[in-house]
Amino acid sequence: MRVLDVQNLSVQYHTGNGRKKALDEVSFSVERGETVGIVGESGSGKSTAMLAVMGLLPENAEVTSDEISVCGRQASPERDIAMVLQDSLSCLNPTVKIGRQITETIRAHKKCTRQEARERAEELLDMAGIRDPKLRMRQYPFELSGGMRQRTAIAITLACEPKLIIADEPTTALDAAVQAQILRLLKRIVRDTDASLLVVSHDMGVIAALCGRVFVMQSGRIVEQGAAEEIFYSPQQEYTKKLLRDAKGSEYFPAGGRDGEVLLRLEHVTKVFGTRDGIRDISFDIRKGEVYALAGDSGSGKTTLARILTGILKPDSGVIFYKGEKLETAASAGAWRGKIQMVFQDPYGSLNPCLTAGCALSEALKAQGRMTAKERWKKVEEMLSLVGLSSEDADRYSEEFSGGERQRIGIARALISEPELLICDEALSALDAAARAQILELLLSIQRKRGIACLFISHDLALIRKISSRISVLYGGRMAESGETKEVCSDPWHPYTKLLLNAVPRPDLPNARKARPVLPAETVRRKEREKGCPFGELCGHAMECCCSEAPGLYSFGRRKIACFLYSEEHTGRRTKGYRMTSQI
């Protein structure tokens, strides 16, 4: 039985500059119990097609089609279709507790008492892989991690008891371990509920992991379709071949500087929120001209550390040195923070929608107070040109740019004050493969040309291994492993590092569909435990000591690792000249 049938769907927007065509006679279908993928770059029309099917396009959109039928009938899509969006935080009401949001959805679709709705809500949270659903029912969305919010959004979707689930970029901003959990959850839901799944994504790895049939979109049209095996093994269109090439990635070269002068050094930095969240005892250094990577899953402390370095947060303890000078006074801290700038994950959220691109960049210069208005504007035009935009773009607002263009503006704003250290906090995670490659090449080109040091924060280890010289892996707010990126990524010593590397879905069918080790879905909250190794209860190599005490950071040449498998105290004495290798 065909759950969704869309024939010759076209969409055009009526704007002040005339009509703009977004979709041109797009046709696709989904059978009962089937998982279908729609893949394409940002701007190809994927999300527009889904919003048209759901009837959620704005009033200035003109929609025409020969047929849009659900379960063989012309019906209101809200009866049989539910949608999981990319940004779970924006689609959850921040002022309403999780339990109420789910129970209201249940009662809107099914006649039942409040108590029955609450019991069903707890069942759905449990089905979505959330531990202790009674507790989560009493919490607000901002109290949950990114992965938990996405699972909550899936639970609300299931409350509608849909025949078809549309998952629009459901894992784009999630780290590899949580992404693997969500993919496995979606597979299980399709199997257990007999619902159909329509996956919309620019990630060929996600499409390969889930879908049996694939539609490829380009510029508002379906340019190729077929079984997943046909699309991945013998694509016919050059555009599809390009998507696969981009997904496998370009070869980049790690920037030098790892043996140069130390620019920034952290010693035993700690910042704790309450009793659980935060970072503890973090030490590493970044050298001039170096690309240093910081990896870890959601909640591992990466962004907390970035906020400390940019002066947004103050550490509870520990010392930070900038060019050898200990940062103690407000004067020294102010001078240091002016030399460190940040490129954020969400370029739209980090830009003021009321300011043009030129004004946003000019404001960054105005804070320094050293230039006239004419000098500032000249600098603005130079920076726009540097990041691949034109001087005419200075008069456009952020909503008029694509995601990749907005990120270019974010980079220009960070660079316009001529920093010595650039922090990129998941700056590429929301971009498709082609835009990500363009922005990354731009960043590395500017970084090399100007000799800027870069702290590259990401959950994408496949990307990190191509661009950074050294890496630190965080887990549960503590350092798990650090060393030369090439060595750490090719021969991980810590069990968590190995899990992260194995969790990445690759854009080829055999690797994407094989079972990958993932973190259990909220079965153990590592931050609830004050004693022991933060990864101890999830580790297949754990010893008795791992539950009672936290491991130190053991050094072997350039490699440092926090794991009792590498301590003499717990594994026995070593002979003279013993060369340590991976113990996992």
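### Side note on the overall build of the protein
Here's step 1: Each helix and strand in the protein was counted, giving 22 helices and 22 strands.
Here's step 2: When each of the 584 residues of the protein is scored for burial, the buried share is 53%.
Here's step 3: Relative to all contacts within the protein whose residues are 6 or more apart in sequence, the contacts with residues 24 or more apart total 69%.
Here's step 4: When the accessible area of the protein is evaluated, it comes to approximately 26,200 Å², of which 46% is carbon and sulfur surface.

### Regarding the packing of helix 14 (residues 357-366) against helix 16 (residues 403-415)
Here's step 1: Direction vectors running N to C along helix 14 and helix 16 enclose 20°, while the axes themselves pass 9 Å from each other. If you check the angle between helix 14 and helix 16, you find them roughly parallel. Here helix 14 and helix 16 pass one another in a crossing that is right-handed. Residues Ala357, Ala360, Leu361 and Ala364 of helix 14 lie in contact with helix 16, whose contacting residues are Ile409, Ala412 and Arg413.

### Section: the nonpolar core
Here's step 1: Membership of the largest hydrophobic core comes to 56 residues, with the highest contact counts inside it found for Leu361, Ile411, Leu422, Cys424, Phe456 and Ile471.
Here's step 2: No other element matches the 7 residues that helix 17 (residues 433-450) contributes to this core.
Here's step 3: Every residue in contact with isoleucine 471, bar those within four places of it in the chain, is listed here: Tyr292, Ala293, Ala295, Leu461, Ile464, Glu481, Ser482, Gly483, Glu484, Thr485 and Val488.
Here's step 4: In terms of nonpolar packing, the next biggest core, distinct from the first, is built from 48 residues, Leu158, Leu174, Cys211 and Ala228 among them.

### Looking at helix 17
Here's step 1: Along its 18 residues, helix 17 runs 26 Å from first to last C-alpha, staying within 8% of the 26 Å computed at 1.5 Å per residue.
Here's step 2: For helix 17, every residue scored as buried is listed here: Ala433, Ala434, Ala435, Ala437, Ile439, Leu440, Leu442, Leu443, Leu444, Ile446 and Gln447.
Here's step 3: Count one or two residues on from helix 17 and you reach glycine 451, which has phi positive near 70°.

### Focus: the confidence of the model for the protein
Here's step 1: Within the protein, residue pLDDT values average 83, and 89% of them lie at 70 or more.
Here's step 2: Note on residues 520-529: pLDDT is under 50 here. Beyond four places in sequence and across chains, it has 37 contacts.

Scoring rules and cut-offs
Residues numbered from 1 in each chain as written. Predicted model: local features only at pLDDT ≥ 70, side-chain atom pairs only at ≥ 80, totals over all residues. Heavy atoms only, no water. Helix = DSSP H or I, 4+ residues; strand = E, 2+ residues; numbered from the N terminus. Buried < 20%, exposed > 50% of the residue type's maximum accessible area, 1.4 Å probe, protein only. Contact = heavy atoms within 4.5 Å. Areas by Shrake-Rupley, 256 points an atom, 1.4 Å probe, with all protein chains shown as cover. Axes fitted to C-alpha atoms, helices over the stretch in contact; angles between N-to-C directions. Parallel < 35°, antiparallel > 145°, perpendicular 65-115°, else oblique. Left-handed = near helix turned anticlockwise from the far one by under 90°. Core = buried A, V, L, I, M, F, W, Y, C linked by side-chain atoms within 4.5 Å. Expected span 1.5 Å × (residues − 1). pLDDT = per-residue confidence, 0-100.

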